[in-house]
Protein chains: 2
Amino acid sequence: MSPSATYRPMDDASLRPYLGAIPAVLDLLGAEPDRWRVREVGDGNLNLVFIVEGAEGAVVVKQALPYVRLVGESWPLPLERSHYEHRALCEQAKLAPGLVPDIYHFDRDLALIVMEFLSPHIIMRKGLVRGIEYPRFAEDIAEFMARTLFGTSVLAGAAAPYKALVAGFAPNVALCRITEDLVFTDPYREAPLNRWTSPQLDDLALSFRRDAPLKRAAQARKFQFMTEAQALLHGDLHTGSVMLTPTNTRIIDPEFAFVGPIGFDVGAVLGNLMLAYFAQSGHETTAGARDGYREWLLTQVTQVWRRFEQRFVDLWRQASAGEAYVAALFADAAGQAEMALERGRFMRRLFEDSVAFAGLKMIRRVLGLAHVEDLESITDPNLRARCERRALTLARELVVNGTALSSMAELTAMARNIEQEIA
Amino acid sequence: MSPSATYRPMDDASLRPYLGAIPAVLDLLGAEPDRWRVREVGDGNLNLVFIVEGAEGAVVVKQALPYVRLVGESWPLPLERSHYEHRALCEQAKLAPGLVPDIYHFDRDLALIVMEFLSPHIIMRKGLVRGIEYPRFAEDIAEFMARTLFGTSVLAGAAAPYKALVAGFAPNVALCRITEDLVFTDPYREAPLNRWTSPQLDDLALSFRRDAPLKRAAQARKFQFMTEAQALLHGDLHTGSVMLTPTNTRIIDPEFAFVGPIGFDVGAVLGNLMLAYFAQSGHETTAGARDGYREWLLTQVTQVWRRFEQRFVDLWRQASAGEAYVAALFADAAGQAEMALERGRFMRRLFEDSVAFAGLKMIRRVLGLAHVEDLESITDPNLRARCERRALTLARELVVNGTALSSMAELTAMARNIEQEIA
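All of these numbers come straight from a predicted model, not from anything done at the bench. (Residues numbered from 1 in each chain as written. Chains lettered and ligands numbered in written order. Predicted model: local features only at pLDDT ≥ 70, side-chain atom pairs only at ≥ 80, totals over all residues.)

## Brief notes about the overall build of chain A
In terms of regular secondary structure, chain A is built from 15 helices and 12 strands. Against the 2.2 N^0.38 benchmark of 22 Å for 423 residues, chain A shows a C-alpha radius of gyration of 22 Å, consistent with a compact globule. The C-alpha extent of chain A, read off along each of the three principal axes, is 60 × 60 × 40 Å. Within chain A, the proportion of its 423 residues that are buried is 51%. (Helix = DSSP H or I, 4+ residues; strand = E, 2+ residues; numbered from the N terminus. Rg over C-alpha atoms; globule rule 2.2 N^0.38 Å. Buried ≥ 20, exposed ≤ 12 C-beta atoms within 10 Å, placed from the backbone.)

Rendered as structure tokens:
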């Protein structure tokens, strides 16, 4: 898709008159655009992000660039991703109010969204590097996932609005393609943009590229990712897509949104918590200094899953308009009992999916193109490689043998063992 | 969707000048439209079908009505289904040339397709009632399914064209809704349009409505039908959608097309063959007169599956452009061996899906709104009910316990037992 004729990347000079002409934004910031403070703060992989502060308040302006910022103009990327992000934010705001930023303005031609400036929120990943505990996180992210994933499925509602989402997001091909390549394929072949801590991890990178059962499992999950249209996913739900304080959680950046397998979002959260877990020994000032925080992270893994499962099943039990599993068919006692079993089967399947996707998300962050600050901020390559080796060891197990796990407690026990045993 | 302003149901008088203005059709039929013979022959549930014969040749004109013909104007149905049928026919013609009718003209506003007049082909279901063997059928239908289902999946090609199919057919909501209701839901509740041979089958109809494991299984398959976007399905692949001679097979009527689970098409074929099997004792002039034909029908069940499985796996093995299971990842010996195992797993999953969908398609034809001529043409209600009871007995087993079957041979053995044991 070629950029629209009116598209131009914004800067300080162009942003002031542009925002000044939007009454809602002018109200929020206060008049006199010349006196606003404008900063470009984008540190993600894809977009421009401005914070604009006025006398009355502040807003964030997120604008898509026609290429992947991390790589450069050689990797073009459609501006239309901004439309999908905006549409997903609107769906999520309806289903999970208070858990996404408020949207003030959207300009499809400029691929630009003006949204709430979240303060004093920080990107969760940065908080995890610093060792900050977030007492609301597990409950909030579980609530966000349960409400948005259940709520956009045919378990909750009719086929027609669900199919409108399917059709509406299916053209978000380019963003899905990034996931298809970078998560499911590139770590398992010699892709030019792969990188890893070398030479320390050369042995594992090579063995993963030769690991037929792992590649088989990764590609089976890719097929599932491409074809299992269960719900409208966030699509990139790592800890860099969460901004929070100890008392407030917001989910941002759903530009990878499409209708896909529920476990992909859940797995993204779990996998990134486990990356943070294995990164802790790289951030300890003295050995064991982060023991308590490490345990807090594993507790998040079990709690996110437990709470998500509870809320998803609760919503399902209360739903009466879902066109799959028509409630009226199961109104009697035998039907109720059967549906309780079926919900258990469904959640077990989601558990297995989530565990496998978690493993795949971990691997791509260590062997693929895009890495994470949890590990990248460990400057000693030997220390970093040790953390990464542990992460890869657990991740492979989750991808290849995750369906044998009985519970998240078994998974966290496995993580604890690997942390202790792999030097 | 309201009918377009120019839509009008065609008749003898309006069809002549309309077709006469289409050069390709005029060429086929020969000039002098007034001397053409026009017959309306639609005996399906939904549409007008005309055969138009001229001095040079003949064509079929299929036109959608804005309601369900079987029920009447009280059940409106979008004319746009004609567009989906036309688009599916075009996809199928590309992938499985020679196995669908040629298309001469499509008029989206009139919801009208002018297509090849197939002669001396008859609707397969009518042939099965008469006891006719079709030596090419198993191979041709298997080829059609393997080519169209594999060919529209991401096993064969890229995400972008696949997602264009997903988006393009997702709005075919109304036709999918018919399947969702009539196949997966209505037979299991007191739906006003349900009918069955009564009072003979009242006990089974009641027990199915109270059968929690059966309802659970039916609704789990409904969820799969609604969400598992594996390939562009025909969507209504029963023996009434096949026209054939002993030497030529054509698949017609894909107006229910959408991107769904592959096993739904395969199951439709298998289920309808088994309905034909159980109907035979209602068509025998003397007991045992159709023994040979019965066995021929069971042989078709095993051959359709075996041949489909072979061809699907062959196509997969030869494919190099599939974006799921990227071939380059599995180029070495270990990769080849692993992919052989994976294809086996995939086909086993398709086997289980197909068996369950077959059972559901059988049940809806006995307890739901739309019945089949195989059984309806048995005029003695006691005799018909005996055939139907056997069909329902096998079908329930396939839906609830089909995943325990090791092979199609085990399924056909079960059918044989039921035929002999249930009086």
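Additional details are given in the paragraphs that follow.
## Thoughts on the relation of the copies chain B and chain A
For the match of chain B to chain A, the screw axis carries a shift of 0.0 Å, the RMSD comes to 0.0 Å, and the turn is 180°. Both copies of the chain, as the preceding transformation shows, are related through a two-fold rotation axis. Across chain B, the smallest distance between a C-alpha and the rotation axis is recorded for B:A167, namely 2.1 Å. Take the interface residues of chain B: 100% of them recur as interface residues in chain A, which is what a same-surface contact looks like. (Least-squares fit on C-alpha atoms with pLDDT ≥ 70 in both. Contact = placed C-beta atoms within 7 Å.)

## A look at the pairing of strand β1 (residues 37-40) of chain A
Pairing between β1(A) and strand β2 (residues 47-53) of chain A: 4 bridges, direction antiparallel. Bridge pairing in β2(A) places A:R37 opposite A:E53. (Pairing = 2+ DSSP bridges.)

## Details of the sheet that holds strand β10 (residues 242-245) of chain B
All names here are of chain B. The 3 strands lie next to each other as β8-β10-β11, forming an open sheet whose pairing is antiparallel. Either end of the sheet is taken by a strand with one partner, and the two such strands are β8 (122-123) and β11 (248-251). Pairing of β10 with β11, which is carried by 4 bridges, proceeds in the antiparallel orientation. Bridge pairing in β11 places M243 opposite R250. Docked against the sheet, helix α5 (residues 137-151) engages β10 and β11, running at close to 35° with respect to β11. (Axes fitted to C-alpha atoms, helices over the stretch in contact; angles between N-to-C directions.)

## Overview of the domain arrangement of chain A
Residue and element names in this part refer to chain A. Each domain of chain A was delimited in the assignment, giving domain 1 (28-116) and domain 2 (122-421). Inter-centroid distance (C-alpha atoms) of domain 1 to domain 2 is 25 Å. On the domain 2 side, the residues contacting the 18 residues of domain 1 number 22 residues. Class assignment for the residues of the side of domain 1 that touches domain 2 results in 11 nonpolar, 3 polar and 4 charged. (Domains from an automatic or database assignment. Nonpolar A, V, L, I, M, F, W, Y, C, P; charged D, E, K, R; others polar.)

## Quick word on the packing of helix α7 (residues 173-184) of chain A against helix α12 (residues 333-367) of chain A
Residues and elements named next belong to chain A. At their nearest, the axes of α7 and α12 sit 8 Å apart, and the two run at 80° to each other. Regarding the angle of α7 to α12, the classification is roughly perpendicular. Seen from α7, the contacting residues are L182, V183 and F184; seen from α12, they are L360, K361 and R364. Residue classes in the contact of α7 with α12 are distributed as 4 nonpolar, no polar and 2 charged. (Parallel < 35°, antiparallel > 145°, perpendicular 65-115°, else oblique.)

## Comments concerning helix α7 (residues 173-182) of chain B
Considered for burial, the residues of α7(B) that qualify are B:V173, B:L175, B:C176, B:I178, B:T179 and B:E180. Along its buried surface, α7(B) packs onto α6 (159-169) of chain A together with α3 (81-95), α9 (212-227) and β12 (258-260) of chain B.

## Digging into the nonpolar core
Residues A:M274, A:A391, B:M274 and B:A391 are the most contacted members of the largest nonpolar core, which totals 220 residues. Other than its neighbours up to four places away in sequence, B:M274 contacts B:V301, B:A358, B:M362, B:A391, B:L394 and B:A415. (Core = buried A, V, L, I, M, F, W, Y, C linked by C-beta atoms within 7 Å.)

## Some thoughts on the environment of A:R365
All names here are of chain A. Summarising the element assignment, R365 is placed in helix α12. For R365, a count of 26 C-beta atoms within 10 Å gives the class buried. The contact partners of R365, leaving out residues within four places of it in the chain, are L275, A370, H371 and V372.

## Quick look at the confidence of the model for chain A
A residue-level look at chain A finds 99% of positions with pLDDT of 70 or above and a mean pLDDT of 96. Interface confidence in the predicted complex, given as ipTM, is 0.97; pTM for the same model is 0.97. (pLDDT = per-residue confidence, 0-100.)

## Quick notes on the interface of chain B and chain A
On the chain A side, the residues contacting the 40 residues of chain B number 40 residues. Contributions of two or more residues to the side of chain B that touches chain A are made by α6 (159-169), α7, α9 and α12 (333-367) of chain B. For the side of chain B that touches chain A, the element with the highest residue contribution is α9(B), accounting for 10 residues. Here the side of chain B that touches chain A is built from residues that sort into 24 nonpolar, 5 polar and 11 charged.

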